[in-house]
Structure formats: structure tokens, C-alpha cells
Amino acid sequence: MAKDNSAFSSIHEPLAPDAKVPGPQLKPAALRRLGEEPEKAEKKRGRQRYVEKDGKCNVQHGNVHETYRYLTDIFTTLVDLKWRFSLLVFILAYASTWLFFGLIWWFIAYCRGDLDHLGDDAWTPCVNNLNGFVSAFLFSIETETTIGYGHRVITDKCPEGIILLLLQAILGSMVNAFMVGCMFVKISQPNKRAETLVFSSHAVVSLRDDRLCLMFRVGDLRNSHIVEASIRAKLIKSKQTQEGEFIPLNQTDINVGFETGDDRLFLVSPLIISHEINEHSPFWEVSREQLKKDDFEIVVILEGMVEATGMTCQARSSYLMDEVLWGHRFMSVLSLEDGFYEVDYNSFHQTFEVPTPSCSARELSEAAARMDAHLYWSIPSRLDEKVEEGTTEKAAVEEDADKERNGNLASAESESKV
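Position numbers for residues start from 1 in each chain and track the written sequence from start to end. Two thresholds apply to this predicted model, a pLDDT of at least 70 for residue-level local features and 80 or more for giving and counting side-chain atom pairs, whereas whole-chain, interface and lining totals are computed over all residues. The side-chain quantities take in all heavy atoms of the structure and omit both hydrogens and water.

Bringing the overall build of the protein chain into the picture now. Going along the chain from the N terminus, every DSSP run of H or I of four or more residues is numbered as a helix, and every run of E of two or more is numbered as a strand. Along the backbone of the protein chain there are 10 helices and 14 strands. Sorting the 418 residues of the protein chain into buried and exposed places 32% on the buried side. Note on definitions: a residue-residue contact is assigned when non-hydrogen atoms from the two residues lie within 4.5 Å. In the protein chain, the share of contacts with a sequence separation of at least 24, taken over all contacts with a separation of at least 6, comes to 67%. All accessible areas in this document rest on Shrake-Rupley with a 1.4 Å probe, and a residue is counted as covered only by the protein chains that are shown. Of the roughly 27,500 Å² of accessible surface on the protein chain, 57% is carried by carbon and sulfur atoms. Note on exposure labels: buried denotes an accessible area under 20% of the residue type's maximum, exposed denotes more than 50%, and partly exposed covers the range between, all computed with a 1.4 Å probe on protein chains only.

Structural data, given as C-alpha cells:
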């Protein structure tokens, strides 16, 4: 257990500054990021979050050389773009196809000589009333969007135009399906639903049923509920292994009821999520004083399906070491009104102090074990004392009875002699 909890105490022994690490030499900034300079990294880490309070992951990918992988999944790439770039791609996709086919329609009219026979009623053009590039561009828009004004129309004396019409109709349908699908998915993305899932601004540590527990609160501001909601938590903390390997952002699970099913939430009203600090907890040996000195981050993740759309939604938040309040408890937000329960979100983030031991959960458990052992041994000893007292009294009574019996016998013998 000491080995497991060593990951959550201070770094054992930093690597020697003159030790050479195999591999390419890194820049000082990279060395600080990777933990080769623990002191500076700790100072920076205290101000830098891994996950922001609004759920955004504070990680940027650099030196990605295999950028072609983004094109293999072009649909997801377009959906992940920012709105201004998505609108730009949307406009360019349609404008480029209109211009491309408009240019081809004009080229066909130019090659067939339709532009040289404008106004000649005896000449049958490929497209009626097509007299230049602008009209060819307008005819391309009408064809792809199936508007059909009736002024410009293709004739049956142009086989190449018929083939081009079929190609533009097919390609236009594909462009419509792809771009409209991207915009629909982007508009209906469930990450906006996560904006109405709120987490308490602080986490607290206090007693629950004589056990230290780490607790935080979650709530849903909407009347439409999150279906199959589940909660999980991760501890993000740097770690150095016994072999000297430094892990900058080691992730450790924090049990919030996975074994008992308490991680499955019925999120109708705000709930307090509790993590019991036992021998399997990473905070088993963390006391109040050590909590102030530790450098860690707790990431909480709430997942579920949006009731209205059935899409999966995920909301995230995090708590730094200075956002964990020892010896506090959350204010109640639920009250019973006339025929319904009312939630007061003014008290959602409020806490109040409660008597809480400042020692670690391990020390508290050992103290409770010693007290139980003392009671266990003290009760039999008292019973033994009572048994000894009862035996002594019984022996004294029997002795008195023997003396009385002997006295009666002696008096009887003397009377018989007389």
C-alpha cells in the first residue's frame, strides 16, 4: 500500500542534473514540461490546469507531421472546425462547383459555336438563351439547385450537354448531402448541452458515517434530463517510479461508486458525489496539512444521453489542490414546497465548516482500531472481575454455611452427652 500511495506524495528523489538521458537533447522548455526540472515545473503546474473549469482540455498538439490523417476522415475534420471556417468551407464548396460547371457550360457553347449564332432562329444551341459566361454560371446554379426558371433550358441536340447535366445533378446531390450533413451535425452537437450541466466550484473533505470522504456536487439546469448518466473521476498528478522514470501527468482512478453502482445517477435534482477515502484511495495517507502542500488535479467527467436527441453528452470539470476544502460540507439546496420540490441554485456552490479530524484517513482508521481493541479487551477483563467477585462471595457464603453447620453439629453432640 505504501508503494501505491507513494505516487501521491512528493517526488522521492529528482534525477541528477548532470545525468544524461538517452535520446535527442531537449530544449529547456521541453525539459521543464517533462519534469527534468521538478521545482520549476511544480511552480508552473500550480498555475496551469490540465482541464479547465468549463471542461476544455488544456492540451495542444505540436509537431504533427502526419497531417494527411485528417483528410482520411474529412467529415469529422469539417465538423470539428470552428464556425467561421465551417461557413467558409460551406460557401466555397457550393461556389466552386457552380463556377466549375458554369465554366464547362460556357466552354461547350463556345466550342459548338452557339455564341456566334446569337439571335439566329435557325440555329439550335446546346442551351437556349445562353449568351455568355454569366448566363452559363446562372444556368449552372439553376441546374444544381433545381430551381428551373424556364428561361434557359437544355435542348435535345446536345449529347455532351445531356451527359454534363447528369454529372452535375449527381455531384450536386453529393455536395448537398455532405455539406448539409456536416452543418446539421455541427448544429446538433451535444457539447452545448453540457453547458447546462454544472459542477460545484469547490470539492470538500468531511466525515460521512465516521469515514473521511471527498465530495463534490453536480446538477442539471434543464427540465429535460440526462438519460443513463454516469460519473467518474481521475486524479492527475506527477509521479516518479522506483526505477527513476518521471511520469508528468499520471492518471489514477478515483472510485465514486463503481463497485456499488452509485456512479449511475438519476440526475433530476443536484447530487453530491462521494468518494470514500479508504485503503484503496489515493488520498489514504493525505492529511489536512499535506493536502495544502500537494500538487494535483481532480478531473470529474459526467456522461449520459440527451433525452431530446438520444446523442451522448459529456461534461467535464476539475479541482486543483486549493479548491478542495477540508472540513466543509455543502449547503442544502432542496426544499419541499406545496406539491413539489424546489431547488435553490443560489446555495449550489456554498459550503459551511463542520468538525473534521485533520489527520489522514489512515491515522483515523488506526485510531479507531486501537479504540476498538481497547474496548474489546476491557469488556472481558471487567467480566472476569465480576466473576472473581462472585466466586469470592460464593466461597465466603459456603464457608459461613460450613461454620454454621459445624457449630450446630457440635452443639447437638454436647446436648446428647448431657
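On the surface, a cluster of positive charge is made up of Lys56, Lys82, Arg84 and Lys192. When you line up the elements, lysine 192 lands in the loop between helix 8 (159-187) and strand 1 (197-199). Like-charged residues within 9 Å of one another, or nonpolar side chains (Val, Leu, Ile, Met, Phe, Trp, Tyr) within 5 Å, are grouped into patches, provided each residue has over 30% relative accessible area and no salt bridge. The salt bridge criterion pairs a side-chain nitrogen of Lys or Arg with a carboxyl oxygen of Asp or Glu, the two atoms within 4 Å. A positive count includes Lys and Arg, and a negative count includes Asp and Glu. His and the chain ends are not counted in either. Each charge is placed at NZ for Lys, CZ for Arg, CG for Asp and CD for Glu.

Tracing the chain through its elements places glutamate 228 in strand 4 (residues 226-240). For the pair glutamate 228 and valine 306, spaced 78 residues apart in sequence, the C-alpha separation works out to 9.2 Å. Setting aside residues up to four positions removed in sequence, glutamate 228 forms contacts with Arg264, Glu303, Gly304 and Met305. Polar contacts, as used here, are pairs of N or O atoms within 3.5 Å; protein pairs need one atom able to donate a hydrogen and one able to accept it. Residues neighboring in sequence count only if both atoms are side-chain atoms. One polar contact links glutamate 228 to arginine 264, side chain to side chain, over a distance of 2.8 Å.

This part is about empty space enclosed by the protein. Put simply, the grid is 1 Å and covers the protein atoms alone, a cavity is a trapped set of points that fit a 1.4 Å probe, a pocket is an open set with protein on both sides within 12 Å along at least five of seven lines, and lining residues have an atom within 4 Å of a point. Grid points are joined across faces, edges and corners, and a volume is the space filled by probe spheres set on the points. Applying the stated criterion across every chain, the model contains 4 cavities of 30 Å³ or more. By volume, the largest cavity is sized at about 60 Å³. Forming the boundary of the largest cavity are Val205, Leu214, Ile277, Phe283, Val286, Leu291, Phe296, Val324 and Trp326. Each residue is assigned to one class: nonpolar for Ala, Val, Leu, Ile, Met, Phe, Trp, Tyr, Cys and Pro, charged for Asp, Glu, Lys and Arg, and polar for all the others, Gly among them. Of the residues assigned to the lining of the largest cavity, the class counts are 9 nonpolar, no polar and no charged.

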